[in-house]
Amino acid sequence: MPETPHAPTLIRTLPSWLLGRAAARGRALVAEALAEEGLRMWHHVVLAAASDHQPVAQAELARSVALDPKDVVGILNDLQKDGYVRREPHPEDRRKNAVRLTPEGERLLARCAAAADRANDALLEGFSARERADFLALLERAARV
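Quick notes on the rules
- Residues numbered from 1 in each chain as written.
- Predicted model: local features only at pLDDT ≥ 70, side-chain atom pairs only at ≥ 80, totals over all residues.
- Heavy atoms only, no water.
- Helix = DSSP H or I, 4+ residues; strand = E, 2+ residues; numbered from the N terminus.
- Expected span 1.5 Å × (residues − 1).
- Buried < 20%, exposed > 50% of the residue type's maximum accessible area, 1.4 Å probe, protein only.
- Pairing = 2+ DSSP bridges.
- Contact = heavy atoms within 4.5 Å.
- Axes fitted to C-alpha atoms, helices over the stretch in contact; angles between N-to-C directions.
- Phe/Tyr/Trp six-rings, centres within 6.5 Å; stacked < 30°, edge-to-face > 60°.

Participant: Would you explain helix α3 (residues 41-53) in this entry?
Facilitator: Since one α-helical turn is 3.6 residues long, residues separated by three or four positions face the same way. Taking 1.5 Å of rise per residue, the 13 residues of α3 would be expected to cover 18 Å, and the 19 Å separating its terminal C-alpha atoms lies within 8% of that figure. Turning to α3, its buried residues are His-43, His-44, Val-46, Leu-47, Ala-49 and Ala-50.

Participant: Can you walk me through the sheet that holds strand β3 (residues 97-101) in this structure?
Facilitator: In sheet architecture, strand pairing relies on hydrogen bonds along the backbone and comes in two forms, parallel and antiparallel. Taken in spatial order, the three strands make up an open sheet running β1-β3-β2, and their pairing is antiparallel. On the outer flanks of this sheet lie β1 (56-57) and β2 (85-89), each paired with one strand and no other. Across two bridges, β1 lies against β3 in antiparallel orientation. Bridged to Ala-57 within β3 is Ala-98. Sheet contacts for helix α5 (residues 69-81): β2 and β3; angle to β2, the most-contacted strand, approximately 115°.

Participant: Hey, could you run me through the environment of Pro-69 in this one?
Facilitator: Its location among the elements puts Pro-69 in helix α5. In this structure Pro-69 comes out as partly exposed when scored by relative accessible area, which is 49%. Sequence separation between Pro-69 and Ala-33 is 36 residues; the distance between their C-alpha atoms is 26 Å.

Participant: Explain the packing of aromatic side chains here, please?
Facilitator: The description of an aromatic ring pair rests on the distance of the ring centres and on the angle between the ring planes. Within the structure shown, the criterion is met by one aromatic pair. The interplanar angle of 75° and the centroid separation of 5.4 Å between the aromatic rings of Phe-127 and Phe-135 together place this pair among those described as edge-to-face. In this structure Phe-127 comes out as partly exposed when scored by relative accessible area, which is 33%.

Geometric descriptors of this kind do not, in isolation, establish any biological role.
The following block contains the structure:
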């Protein structure tokens, strides 16, 4: 991502500004890597969350990724059309739809995880292993995760 030439020095020293720039670069790298696998960022997020919680009700899936349920339905429609997820009655409440990954969805998720790892390696290129660990620990503290 090109450097913003006119950003005032004061702004460029703010942690929030630097974090935003790093996040934008990271998102761009990951989005590009996912695109090579034929997937968009939010589709990857929903696919990963569905994998983590399957079988998961659509409404719970939407809450877990902090997206509007209507947006999640559209993403799930795309993923189902492409054969990556299936919806079926939830085993605990048959009034709800549960989402599960198909075997092809599991394979796609593994490829996307590897692609995202490569993108994050590019983001942190030049960091030593110790610097990466420290940086991630500091980010987790700042993000309060």
